[in-house]
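# Descriptive structure summary
So the chains spell out like this:
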Amino acid sequence: MAAASVIETLPALKKSSKMWDDKELPGFFKDYFKMVRTAVTNDQFNQFSKLKTNEERVRFVFGIPAAHDIDIKPYFKGKSEKEALEKKEAGNMCFGKKNNLEALKLYSQAVIKAPVPSGKYWKLIKECADPKKMTLYAICLANRSAALYHLKDYRHCVKDIDEALEHHYPRELKYKLYKRKARLLSHMKQHEDAREAYRQALKWLDWAKMEREKRIEHQNDIQKWLKLYEAGKGAKNFEMDPEPVEMQLPAIPDVAGGRHLKYPSLSKKVDVRCDNQQGRYVVAVEDIEPGDTICAEKPFAAVLLRDMFGTHCHNCFKIPKAPIPCKKCSNVVFCSVECRQDAYFHTTECPIQDLLLGSGMSINCFLAIRLLVQKPLSFFLSVKDEIVTEKYKDKLKEKEIYDPEDFFRLYNLVCHSERRTSEDYFHRVVMVVFMVKALKKTKYFEDKGTGISDTISETEAYVGSLLMHFLEIVQFNSHEVSEFWLTGPKTLSNSKNESLGAAIYPTLALFNHSCITGQVRYFSGSSAITKSIRFIPKGEQVPENYGQSFTSAPRAERRQYLFDRYWFECGCEACVKDWPKYQDMTNSVLNFKCRKCTGPLAVNTETTLNPVIKCEKCGEQTNIMAALKNLQNSEQTYLSAGKEMENFNLDKAESLLMENLKQLESSLYPPYKDYHQTQEAYMRVMLAKGGNYRVKQPKSEE
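Because the structure is a prediction, the values reported are computed rather than measured.

Rules used in this analysis
- Residues numbered from 1 in each chain as written.
- Predicted model: local features only at pLDDT ≥ 70, side-chain atom pairs only at ≥ 80, totals over all residues.
- Heavy atoms only, no water.
- Core = buried A, V, L, I, M, F, W, Y, C linked by side-chain atoms within 4.5 Å.
- Buried < 20%, exposed > 50% of the residue type's maximum accessible area, 1.4 Å probe, protein only.
- Helix = DSSP H or I, 4+ residues; strand = E, 2+ residues; numbered from the N terminus.
- Contact = heavy atoms within 4.5 Å.
- Pairing = 2+ DSSP bridges.
- Polar contact = N/O pair within 3.5 Å; in protein donor to acceptor, adjacent residues only side chain to side chain.
- pLDDT = per-residue confidence, 0-100.
- Expected span 1.5 Å × (residues − 1).
- Arc of directions from axis to C-beta.
- Salt bridge = Lys/Arg side-chain N within 4 Å of Asp/Glu carboxyl O.

## Some points on the nonpolar core
Within the largest apolar cluster, 111 residues are counted, with the highest numbers of intra-cluster contacts made by Leu372, Phe426, Phe434, Phe470 and Ile504. Top element by residues in this core is helix 21 (residues 422–439). It accounts for 12 residues. If sequence neighbours within four positions are ignored, Leu372 has contacts with Phe380, Leu439, Tyr444, Val463, Leu466, Leu467 and Phe470. Membership of the second largest hydrophobic core comes to 39 residues, among which are Leu165, Leu177, Leu184 and Trp204.

Here it is, written out as structure tokens:
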């Protein structure tokens, strides 16, 4: 097949495996673990090996003196008045030159670095700091709102004004912010709110430091607008225009055929089955066509990679245009005040974030901590009896709905504890002890902790057992969250999928693996969506892919990764028959489909002259001329799709690629080079069209 230039050399979409592994990560935990492990005698380790519960294991390691030969202190990147002032002044210079985009960037850096006046910290700086610096955060926000105003981003401008007014913006300048806000709201047809903003501007004008004539000028202007509103039939707010597409997360599509009654994250076209050999898995109860949305699910918990802390919202993974900072640290950003408020977990993580990062712990460990701290300690104490006695299992059986937000659905995911070795347990428990010791330096334990580094309370031991269970769960059930990087606006050439972080999806975790990719997985923020990339007939299992597809990695490499990470040897058709990688495929032998039983008809295209082939399975004679004609037509469809991809007409490209997949599937069995090339192209279109993406030069391959 002669492919269009944008897709003729598409490399396979690879998934990161390093993000799951802490063996190569720099940090002090490896030395800490080695010290603790070396301190344990053979008799002590044999004693550890006989322990039955995670709580007993945590208590045992906490009792090893070497486990406390580490100095754990709160450690995080705080605020800097000096850096904030420098960035603000640099922003002012750009703003003065009407370089509003660069000013926006610099003001945002100032906002992140500026101390946020709140709580005890506000009282401290109020007593000892320069009055100009006391309001630095609010002034940086106000300056940024001016840049946003000139960029005509009125929504973010209003939000920055509100945040500035909430955080002690100088009272002598408040009238200016309220006037700006009133003009914006008027433009946005929020007339009732605009009138109130003008009233506030008039009120705060009394505090303004200006000449009497200037004050009268402002007063007359404000009163003119108020009279206009009063003279009308009544100021009211109209429905606002929708947010611009570039400010929204990608839309989450409806699942094919409607939602499953029991599994609301799944399509009605599938169901969940269970047996002793395969565990829980997903099967098609109706024919699934290429392009069908099979699953759409929000994460139970999601964490960003460290490199993404300053570029993506710490809560929803959105790329913020006007980032809102944490009130205490300058490590993370949020896309809105609402997301900052929703990120309850960060109040615990904030003071120990750099400590955890410095340990070199893997993203799985961060995900385990997030599963804990996104809920208050009181929640876990309230369900302790159900967890310890395993009563929750009976309750789950009684529930008719598989709610992915139900904690016990998460807690009940497979963790293979019975197969775990004593060495594996010990390594993880040492990590848990480190986590507990770090959490003791926060306010998470409230009054239920000891507050002493080398002793452990009943509550702390229970929390340690939870963390251990979470580590076991995330090993087998977490997913990489990604975004699609484009090397230029509206171009798919050299595009690349890059890791954003990791998350756990209780429904998506029910899919079993196959090296024959059945779905493309993409993301809207941290929410996962999967679409079928091939025809899956009724009764067939619907697989996910946990590692590499057979088209991009040899069988030995795929099986080794799956065995090391997930503890199973893959038995999919591609592994059993050792299908070739994409680059090794040829068209010398093609597997056509029998017209009667649809069984495979192996045809040597170099030697076969007779187009009538007998099926070895059912004995039926099939003339493959119609199939050959269909393949010719499919080539034209593919070329047309390639042109649409070059022009970034993604809707048309998606439609043509789906048609191409159906054409190829009606005639041939995989492996078939053209078929898998079409799948790769379709996946790229969906990643760019439906999921997280940004225009950026991808990292070069090492």
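On we go.
## Here we look at the side chain of Ser145
Counting through the fold element by element, Ser145 comes out in helix 8 (residues 136–150). When neighbours within four sequence positions are excluded, Ser145 is seen to be in contact with Cys157, Asp160, Ile161, Leu177 and Arg180.

## So, the pairing of strand 2 (residues 279–284)
Direction of pairing for strand 1 (residues 270–275) relative to strand 2: antiparallel, over a ladder of six bridges. The residue bridging Arg273 from the neighbouring strand is Tyr281, located in strand 2. Between strand 1 and strand 2, which follow one another and run antiparallel, lie three residues.

## A look at the side chain of Thr293
Along the chain, the position of Thr293 falls in strand 3 (residues 293–297). Residue Thr293 is classed as buried on the basis of its relative accessible area of 3%. Polar side-chain contacts of Thr293 include one of 2.9 Å to the side chain of Lys531. Each residue touching Thr293, except ones within four places of it in the same chain, is listed here: Pro253, Asp254, Val255, Ala256, Ser267, Ile529, Thr530 and Lys531.

## Regarding the sheet that holds strand 11 (residues 589–593)
The sheet built from three strands is open, its strands ordered 12-11-15 with antiparallel pairing. The open sheet terminates on both sides in strands that have one partner only, identified here as strand 12 (600–604) and strand 15 (668–669). Sheet topology places strand 11 next to strand 15; two bridges connect them, and they run antiparallel. Paired with Phe592 across the two strands is Leu668, which belongs to strand 15.

## Observations regarding unusual backbone geometry
Trans is the common state for peptide bonds, and a negative phi is the common state for residues other than glycine. Omega for the peptide link from Pro670 to Pro671 comes to 0°, which places this bond in the cis form. By the secondary structure assignment, Pro671 is in the loop between strand 15 and helix 27 (673–690). You will see that Lys98, though not glycine, has its phi angle at about 65°, which is positive. Note that Lys98 resides in the loop between helix 4 (81–96) and helix 5 (100–113). Not every positive phi belongs to a glycine, and His168 is a case in point at roughly 60°.

## A word on the confidence of the model for the protein chain
This prediction gives the protein chain a mean pLDDT of 89; 92% of its residues lie at or above 70. Helix 6 (residues 119–128) is the least confidently modelled element of the protein chain, averaging 50 in pLDDT, while strand 4 (residues 301–304) averages 98, the highest of any element. Note that pLDDT drops below 50 for residues 124–129; the model gives that stretch three contacts with residues more than four away or on any other chain.

## Overview of helix 23 (residues 555–566)
Helix length check: helix 23, at 12 residues, gives a terminal C-alpha distance of 16 Å against a target of 16 Å (1.5 Å per residue), a fit within 8%. Looking only at helix 23, the buried set comprises Arg558, Leu562, Arg565 and Tyr566. Looking straight down helix 23, one finds its buried side chains confined to an arc of 80°; they lie on one side. Trp567 sits one or two residues past helix 23 and shows a positive phi near 65°.

## What about the pattern of salt bridges?
Under the defined criterion, the tally for this structure stands at 36 salt bridges. Where Arg144 meets Asp160, a salt bridge forms, and the shortest distance between an N and an O atom there is 2.6 Å. Pair noted here: Arg144 is in helix 8 and Asp160 is in helix 9 (residues 154–166), with a separation of 16 residues, a long-range link. Grouping residues by exposure puts Arg144 and Asp160 together as buried. Across the pair Arg555 and Asp578 runs a salt bridge, and its minimum N-O distance is 3.8 Å. Of this pair, Arg555 sits in helix 23 while Asp578 is found in the loop between helix 24 (573–576) and strand 11, placing the two residues 23 residues apart along the sequence. Take Asp578: its relative accessible area is 39%, and that puts it in the partly exposed class. The network of salt bridges with shared partners includes Arg420, Asp424, Arg428 and Glu472.

## Description of helix 25 (residues 625–646)
When the terminal C-alpha atoms of helix 25 are compared, their 32 Å separation across 22 residues agrees well with the 32 Å that a helix rising 1.5 Å per residue should span. Ala627, Asn630, Leu631, Ser634, Thr637, Tyr638, Ala641, Gly642, Glu644 and Met645 are the residues of helix 25 that are buried. The arc enclosing the buried residues of helix 25, seen along the axis, measures out at 150°, which places them on a common side. Of the exposed residues in helix 25, the ones pointing more than 90 degrees away from its buried face are Gln632 and Lys643. Looking at the buried positions of helix 25, the neighbouring elements they touch are strand 11, helix 26 (650–665), strand 15 and helix 27. Of the residues trailing helix 25, Phe648 is marked for its positive phi of about 60°.

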